[in-house]
Amino acid sequence: MPHATRARSLLLVLLCACVPGSTEGTGETPSGAMPQATDPPIVEKPAPRHVDLRVDSNRDGTIAGDADELDEDKWTKDRGAVFLANLDDDEDRCPRSGKDATLPRCNDAADDTVNGADDLQDLAPVKLLPWANAPDGATATIDFDEASTPHVQLFKKTDAGYELWNPAEDTLDQEALKKGQDFFLEATDIVRDADVWSGLADVTIHVKAGGEEKDSDTVRLRVAPVITFHHLLEAEEIFATRMASEPGVSDDFLADLESAVTAAGVPEGLREIKVDDQWTQDFFETGYMSMPAAGGKQHVLYVAYRSANQGRGGGDLLRLAGKFVFTGFRGKDRIGIQQYSARAKPEMDSLNSFGNFETVPPYTLGDERYPLGRVLRGSVKSWYPDPSFTKMVDGQKMQPAIEVDTSWLSVGHIDETMSFVKASSPRGWVMLVNDPALAKKLLDDASKAGHGAVKMFVGKRWGWGQGDADISIDEVLASKEIMSASTEAAAEIDAQLAIVKKATGLTDAEIIRVPYLHWTSFSRSIAFQPGTVNGISLSDSVFGAPDPHGPVIGGKDIMKDHLEKALQAHGVTVKWIENWDLYHVQMGEVHCGSNAVRKVPDVKWWETGR
Amino acid sequence: MNGTLLFLALGALPQGLVLSPRALPPAVAQRLTLDIAAAKSAAPATFSGLQALIAQVPRLDAQKRGDLPTLTPRLSRLGPDALLPMLEAIAFQAPARAAWTESAERGLRLSLIEAAGMLRDARAEPVFLAILASDERDFATLQLTAEALGRLESDTAVNALLAAATTDKRDAVLAGMGQCRRARIADALAIALDGARSPAQAKSLVRSLAHAGNAAAWKLGGPYADEARAVRATAAEALLRAFIAYDDEARDAASNGLMVVDDAETPILIARARVLADAATAAALDELAQRFARNPTR
């Protein structure tokens, strides 16, 4: 509102507050309707003396009365309108195959039309109030601030439908100014680089008459950030790969996972993805974006980031299976997003997999609140993921990243050593952390108790019948490779943990130590035993973890027993999942082979102050 | 077969995956050829087993989670009998690998070197020496070869590693030679760490030195157990100097290294260093002392 004084706008609010009927809006219109278009016209009382754009500044999901007028040109924790990057495909028009370069280009913001009633729901209303005193011969233009101009589209409602507004050419005449006009705004992209576009968009109407500017009004909106799901949110749908060229090799894993998903009561169950890439966690990451809807609700678009991995699976550039975000995930209210730099370092490519992208659950530390949690990644100055992807994630500004060193790991993913589950504690969650020293102690104790000859990994094999995996406790304890790698892993994990503890304030009582040993591949560390941290939180009370395969002493698998007891104290049951052949021997576990869409939290991002 | 005939036969042999047999001293090549032939006759299953495993590499490559497919865990669990089949593949006869990707081939090369080294069998020493002396310049190949040779811990290995550490292969050799838990190696790594040219190089050297001083490895003994005290003391002192010299990843790595080495003198070293330290470093040293007191590796 560059021309109008604060006093003038407040006066208008006060005047309108006395007028019967200038109240807030009603509930969210059911899907399929066109709510904004059918809202009752606003009757101005008294006739405004200036041109007046309105957006949902008070975030109640509607534009009605004058409650949206105050500070409509600002964006703060308390006020400011929101709009969405309209990248979904409400009418299922986009192709289910294509090249990396072209697949992302198809979405509902990629054309100059409103793609049906569902699409309209994804647009933010912008209303020009009727202006009875519009000057004779007045014309008006509407434009955007320079930074947002390439990233926004405005649609004008007409009797025939919706027309894309061209800020350089389109105008409104005096008659239109007198009658008022409905517009709808969408972003054509999310924030990719906050230094280029912060996500704020100023929409300004300029009124000219007699060759001079007579009036103007500006409203500010912020594009919704992408927020990734943390482990505490209820799973709504679980994903896992069935290997396309060898479907049978996935049978054991999928059967156990499905059983765990059923036990957890996941509403949409397990969805199989048929690709030749079993690392379902790695090639996409789920999240959402949202804007206020009536009744205190959120209008949500679900998001799947495609990993920035390059040169995997025979894709034209990016990891082939990642096309799933466009070919299998994108649809009504579902968005696929990719971001990569062709100059990213190939030797660090594994860090771009989303096993190396977790979200710490919400917490408060001192004066700092993280109600949507924080991203947790393996990244240090000398070993880091694709910087352009990191810049995009940082640009969302909602879940500031915690970074730890995973360069000592052969695969380099944070899910190899850390995870989170719900807990009956003041914080509401606990952290699972791999503890190789604890694993050694358990085996040492077993050996000293006379069980040194007990075998682990019984019946398991390292490579399609080529190597028997059976190994005794004493053999493990006598292995220089395993013992030295485990010692080094213990120190590295402790350093990771120190960073997370400092960032979150976690206490030792809030950390569950999970025993398994490490060994070496290509000079770096990998889990020797199935890494039981590397599981998936399926509900508040079910955690799916890889079967560690012993050792079994006195009828109990001592590794299973340890984790079961630790989680039982928090009301969480472990469902054991067979993943030796397809995952463990190839340096991954249950979490690496699964993914989830989760329930959107009640916390509204626009209220977080970030 | 007499020596001349064997030499002629060697001339006709195909190339190994990493090395030509001609890169080996003739006598060594002769002996290994005979050993391989005898083993192939006595235990053909080990050779065919390795071949079957190698045949899986393209699939492992297609399904890899990290940057390269790895066979190291599988190969190292095949046991001592797998050494000669692996040496054959490395230096005498590369396995058939039509239409393999570059990453599949690279993954196999590195896996064979690493797994053969983990067997700690002196029969592999000349092969590793030859790779180290070859024109090979690939960092990972040289690092893993240095590790493999280092695991043998022989005087020959020590001399070769120290010599290679003065060549243009220096960085890769230094990064790998910490697997050689010998006093002269620890001394050389300590000197290199003191003179590191960058934090990234320092971090690499810190990790190598931590391998050398790894307390868990030393607890399992070995032929040079009498050098344990010297190696761990040298490592601890150098790691502490690095901890003080850097304030980034290299410092964090040095802290981890000190935990891994777990030398009993560490608290005393920290206390001494603290006397001359500025306030910020003193505070960091205090944290280090606290961490060591509850050393997470124990």
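No experiment lies behind these values; they were computed from the predicted model shown. (Residues numbered from 1 in each chain as written. Chains lettered and ligands numbered in written order. Predicted model: local features only at pLDDT ≥ 70, side-chain atom pairs only at ≥ 80, totals over all residues. Heavy atoms only, no water.)

(A) Spotlight on the overall build of chain A. Counting its secondary structure elements, chain A contains twelve helices and 34 strands. Over its C-alpha atoms chain A spans a radius of gyration of 28 Å, differing by no more than 12% from the 25 Å that the globule rule assigns to 610 residues. Referenced to the eigenvectors of the C-alpha coordinate spread, the extents of chain A come out at roughly 100 × 50 × 45 Å. If you take every contact in chain A between residues at least 6 apart in sequence, the share linking residues at least 24 apart comes to 74%. Looking at chain A as shown, the accessible area adds up to about 21800 Å², and 50% of this sits on carbon and sulfur atoms. (Helix = DSSP H or I, 4+ residues; strand = E, 2+ residues; numbered from the N terminus. Rg over C-alpha atoms; globule rule 2.2 N^0.38 Å. Contact = heavy atoms within 4.5 Å. Areas by Shrake-Rupley, 256 points an atom, 1.4 Å probe, with all protein chains shown as cover.)

(B) Focus on the overall build of chain B. Helix and strand content of chain B: 18 helices and zero strands. For 298 residues, the compact-globule estimate of 2.2 N^0.38 gives 19 Å, and chain B sits close to it at 21 Å. Overall, the C-alpha framework of chain B stretches about 70 × 40 × 35 Å when taken along its three principal axes. In chain B, which comprises 298 residues, the share counted as buried stands at 58%. (Buried < 20%, exposed > 50% of the residue type's maximum accessible area, 1.4 Å probe, protein only.)

(C) Quick look at the interface of chain A and chain B. Contact residues are listed per partner, giving 59 residues for chain A and 51 residues for chain B. For the chain A and chain B pair, buried surface summed over both sides reaches about 4400 Å², with 49% attributable to carbon and sulfur atoms. Close ionic contact of R65 of chain B with D282 of chain A constitutes a salt bridge, the shortest N to O distance being 2.8 Å. Here chain A is connected to chain B by 31 residue pairs in polar contact (both at pLDDT 80 or more). Take the side of chain A that touches chain B: its biggest share by element is eleven residues, from helix 11 (residues 480–504) of chain A. Looking at side-chain class alone, the side of chain A that touches chain B contains 24 nonpolar, 18 polar and 17 charged residues. (Buried area = accessible area lost by both parts, 1.4 Å probe. Salt bridge = Lys/Arg side-chain N within 4 Å of Asp/Glu carboxyl O. Polar contact = N/O pair within 3.5 Å; in protein donor to acceptor, adjacent residues only side chain to side chain. Nonpolar A, V, L, I, M, F, W, Y, C, P; charged D, E, K, R; others polar.)

(D) Expanded view of the confidence of the model for chain A. Of all residues in chain A, 91% attain a pLDDT of 70 or more, and the chain-wide mean is 91. Under a pLDDT of 50 for its full length, residues 1–41 of chain A has, in the predicted model, 78 contacts with residues more than four places off or in other chains. (pLDDT = per-residue confidence, 0-100.)

(E) Seen up close, the sheet that holds strand 29 (residues 536–537) of chain A. Residue and element names in this part refer to chain A. Spatially, the three strands line up as an open sheet ordered 29-30-33, and their pairing is mixed. The open sheet has two edge strands with one neighbour each: strand 29 and strand 33 (573–577). Where strand 30 (residues 542–546) and strand 33 come together, five bridges link them in parallel fashion. Considered in strand 33, the bridge of P546 is made with I577. Relative to the sheet, helix 12 (residues 558–568) contacts strand 30 and strand 33, its axis offset from that of strand 33 by approximately 150°. (Pairing = 2+ DSSP bridges. Axes fitted to C-alpha atoms, helices over the stretch in contact; angles between N-to-C directions.)

(F) Representation of the nonpolar core within the structure. Among the nonpolar cores identified, the biggest contains 101 residues, and L24, M86, I90, V127, L161, L193 and L240 of chain B are the most heavily contacted of them. No other element matches the nine residues that helix 15 (residues 228–245) of chain B contributes to this core. Here this core spans two domains, since at least three of its residues come from each of domain 1 (1–152) and domain 2 (181–298) of chain B. With near-sequence residues (within four places) excluded, L193 of chain B lies in contact with A202, L205, V206, L209, A238, L239, A242 and Y246 of chain B. Counting residues in hydrophobic clusters, the runner-up holds 80 residues, among them F144, V207, V303 and M398 of chain A. (Core = buried A, V, L, I, M, F, W, Y, C linked by side-chain atoms within 4.5 Å. Domains from an automatic or database assignment.)

(G) Up close: the sheet that holds strand 22 (residues 418–422) of chain A. Residue and element names in this part refer to chain A. If you trace the three strands from one edge of the open sheet to the other, you get 22-23-26, paired in mixed fashion. Where the open sheet ends on each side, the last strands, each with one partner, are strand 22 and strand 26 (511–514). Across this sheet, the average inter-strand angle for adjacent strands is 25°, counted without regard to direction. Judged from the five bridges that link them, strand 22 and strand 23 (residues 429–434) form a sheet pairing that is antiparallel. In the strand pairing of strand 23, K422 is matched with W429. Each of strand 22, strand 23 and strand 26 is contacted by helix 12, which is oriented at about 170° to strand 26, the strand it contacts most.

(H) Region of the structure containing the pairing of strand 8 (residues 181–187) of chain A. All names here are of chain A. The buried fraction of strand 8 is high, at seven of seven residues. Neither face of strand 8 is open: one carries Q181, F183, L185 and A187, the other D182, F184 and E186, and all of them are buried. In the sheet, strand 3 (residues 124–128) pairs with strand 8 via five bridges, with the strands oriented antiparallel. Opposite K127, over in strand 8, you have D182 as the bridge partner. Both strand 5 (residues 152–157) and strand 8 contribute to a ladder of five bridges, which runs antiparallel. For V152, the partnering residue across the bridge sits in strand 8 and is A187.

(I) Region of interest: unusual backbone geometry. Residue and element names in this part refer to chain A. The amide bond that connects G550 to the next residue, P551, takes the cis arrangement and shows omega of 10°. Although it is not a glycine, M587 adopts a positive phi angle of roughly 75°. Overall, the relative accessible area of 10% leaves M587 in the buried class.

(J) Region of interest: the domain arrangement of chain A. Residue and element names in this part refer to chain A. Split into domains, chain A comes out as domain 1 (6–86 + 123–223) and domain 2 (227–607). Between domain 1 and domain 2, the C-alpha centre-to-centre distance is 44 Å. Across the interface of domain 1 and domain 2, roughly 2000 Å² is buried in total on both sides, 61% from carbon and sulfur atoms. The interface formed by domain 1 and domain 2 holds one salt bridge in total. Salt-bridge contacts for D193 lead to K391; the nearest nitrogen and oxygen are separated by 3.7 Å. Of all the secondary-structure elements, those providing two or more residues to the side of domain 1 that touches domain 2 are strand 2 (81–83) and strand 10 (212–223). Here the residues of the side of domain 1 that touches domain 2 sort into eleven nonpolar, six polar and nine charged.

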